[in-house]
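Examining the three-dimensional arrangement
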Amino acid sequence: MLNFVCQDAYTLDDFVRLISFLRSENGCPWDRVQTHESIRRNFLEEAYEACEAIDEHDLVHMREELGDVLMQVLFHADIEREAGHFTIQDVADAACKKLVSRHPHVFGERVEKDPDAVLSDWEAIKRQERAQTTTAEAMQTVSRYLPALWRCEKVQSKAAKTGFDWPDAQAALSKVEEETQELRRAMEQQNADAVEEELGDLLFAVVKVARFQGIDPEAAAHRACEKFIRRFAGVEAEAAKNGQPMESLTLDEMTALYQCVKEQETHTG
């Protein structure tokens, strides 16, 4: 029967034992009934919260969130340990072997000092491990569960390695304009399927521009959200100052307030 002794400080081995204990008969009823599927979203949320801590440069928050991500890894591994398929040690073994095989310039005879060349070698070794003989096969392995803009970026990067790419950012921007016109035509025709397709093409083209400019499209989109929230809060504040509920304003009136807030930001920025 599993047991766990509380103490003043814990190690990684203690963490592994704690997860197993929590999922045991003497542990937590909620932990015991969880499955990979039931906590799948938790894994994603913890990973995003860790990224938030990284962006904040908050080391205390980062340590906490990395612990939460690690807990998710240990939890999933323990489910499979109990099922008799693999353990966290098997996970560590496979990960170490992968790292060693993908670093021939460290553990082999190859010498490589350029970071970009190292990344190129990594991709080539990965394709070889997965028996991928074409770039299309490599594209198909890009996770469909990535944020869509990141998936666009990774797929485009793989195509670019073959030379299939726009020559520069201006050419990519021209493609954005072309896709915008095609979206307009689809909307005029009131063809829902075509609108969805053309909207996807437009987003794909926008990511190309971001890639040429060295901009993370997800970060740019998040920045746009933060800016809109900040400005909308300003609109609400201006409306409240005038004693006007937002619901009582026309769209033109709200747009005018938004423009004022935007101009104030420009002047104070």
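Residues numbered from 1 in each chain as written. Predicted model: local features only at pLDDT ≥ 70, side-chain atom pairs only at ≥ 80, totals over all residues. Heavy atoms only, no water.

The next subject is the overall build of the protein. Looking only at helices and strands, the protein has 13 helices and zero strands in total. What you see in the protein, going N to C, is helices and strands ordered as α-α-α-α-α-α-α-α-α-α-α-α-α. Here the C-alpha atoms of the protein give a radius of gyration of 25 Å, more than 25% beyond the 18 Å that 2.2 N^0.38 yields for 269 residues. C-alpha extents for the protein along the principal axes are approximately 70 × 55 × 40 Å. (Helix = DSSP H or I, 4+ residues; strand = E, 2+ residues; numbered from the N terminus. Rg over C-alpha atoms; globule rule 2.2 N^0.38 Å.)

For the rest of this paragraph, the subject is the pattern of salt bridges. If you walk through the whole model with that rule in mind, you get 16 salt bridges. One salt bridge in this structure joins Lys97 and Asp93, with 3.0 Å as the shortest N-O distance. On the criterion of helical spacing, the pair formed by Lys97 and Asp93 is a turn pair, its members being four residues apart in helix H5 (residues 88–101). Across the pair Glu238 and Lys241 runs a salt bridge, and its minimum N-O distance is 3.2 Å. A residue pair is termed a helical-turn pair when its members lie 3 or 4 positions apart in one helix, as Glu238 and Lys241 do in helix H12 (residues 217–241) at three residues. One salt-bridge network, held together by shared partners, links Arg23, Asp78, Arg81 and Glu82. (Salt bridge = Lys/Arg side-chain N within 4 Å of Asp/Glu carboxyl O.)

Further remarks concern unusual backbone geometry. In most cases, non-glycine residues show a negative phi, while peptide bonds are predominantly trans. Residues other than glycine seldom take positive phi values, yet Ala131 does so here, at roughly 55°. With respect to the helices, strands and loops of the structure, Ala131 is situated in the loop between helix H7 (115–129) and helix H8 (135–140). One non-glycine residue, Gln190, lies in the positive phi region at around 55°. Turning to its location among the elements, Gln190 is positioned in the loop between helix H10 (169–188) and helix H11 (192–212).

So, on to the packing of helix H9 (residues 148–160) against H11. Two elements in contact, H9 and H11, have axes separated by 9 Å at closest approach and are oriented at 65°. When the axis of H9 is compared with that of H11, the two are roughly perpendicular. Relative to H11, the crossing made by H9 is right-handed. Residues Leu149, Cys152, Glu153, Gln156, Ser157 and Ala160 of H9 lie in contact with H11, whose contacting residues are Phe204, Val207, Lys208 and Arg211. The residue inventory of the contact of H9 with H11, partitioned by class, reads five nonpolar, two polar and three charged. (Axes fitted to C-alpha atoms, helices over the stretch in contact; angles between N-to-C directions. Parallel < 35°, antiparallel > 145°, perpendicular 65-115°, else oblique. Left-handed = near helix turned anticlockwise from the far one by under 90°. Contact = heavy atoms within 4.5 Å. Nonpolar A, V, L, I, M, F, W, Y, C, P; charged D, E, K, R; others polar.)

This brings us to a negative patch on the surface. A cluster of acidic residues, Glu49, Glu52, Asp55, Glu56, Asp58 and Glu64, forms a negative patch at the surface. No other element matches the four residues that helix H3 (residues 40–56) contributes to the negative patch. Along the chain, Asp58 turns up in the loop between H3 and helix H4 (59–83). (Patch = residues over 30% accessible without salt bridge, like charges linked within 9 Å, V, L, I, M, F, W, Y side chains within 5 Å. Areas by Shrake-Rupley, 256 points an atom, 1.4 Å probe, with all protein chains shown as cover. Lys, Arg positive; Asp, Glu negative; His and termini not counted. Charge placed at Lys NZ, Arg CZ, Asp CG, Glu CD.)

Once that is clear, we can look at the state of the cysteines. The full count for this structure, using the stated rule, is zero disulfides. Left without a disulfide partner, Cys152 is nearest to the cysteine sulfur of Cys225, which lies 16 Å away. For Cys152, a relative accessible area of 14% corresponds to the buried category. The closest cysteine sulfur to the non-disulfide-bonded Cys225 is located on Cys51, 16 Å from its own sulfur. (Disulfide = S-S within 2.5 Å. Buried < 20%, exposed > 50% of the residue type's maximum accessible area, 1.4 Å probe, protein only.)

Let's shift gears to a nonpolar patch on the surface. Together, Val100, Val106 and Phe107 give the surface a local cluster of nonpolar side chains, amounting to about 290 Å² of exposed area. Within the secondary structure layout, Val100 lies in helix H5.

Residues Ile19, Ile39, Leu74, Phe75, Ala77, Ile79 and Ile88 constitute the largest nonpolar core, which totals seven residues. Here this core gets four residues from one element, more than from any other, and that element is H4. Among all residues touching Ile79, those that are not within four sequence positions of it are Arg23, Gln34, Thr35 and His36. (Core = buried A, V, L, I, M, F, W, Y, C linked by side-chain atoms within 4.5 Å.)

The next thing to look at is the packing of aromatic side chains. In the structure shown here, the tally under the stated rule is four aromatic pairs. Judged by centre distance (6.0 Å) and plane angle (35°), the rings of Phe228 and Tyr258 are tilted. With a gap of 30 residues between them, Phe228 in helix H12 and Tyr258 in helix H13 (residues 251–268) connect regions that are remote in the sequence. Accessibility expressed as a relative area gives 45% for Phe228, which makes it partly exposed. In this structure Tyr258 comes out as partly exposed when scored by relative accessible area, which is 22%. (Phe/Tyr/Trp six-rings, centres within 6.5 Å; stacked < 30°, edge-to-face > 60°.)

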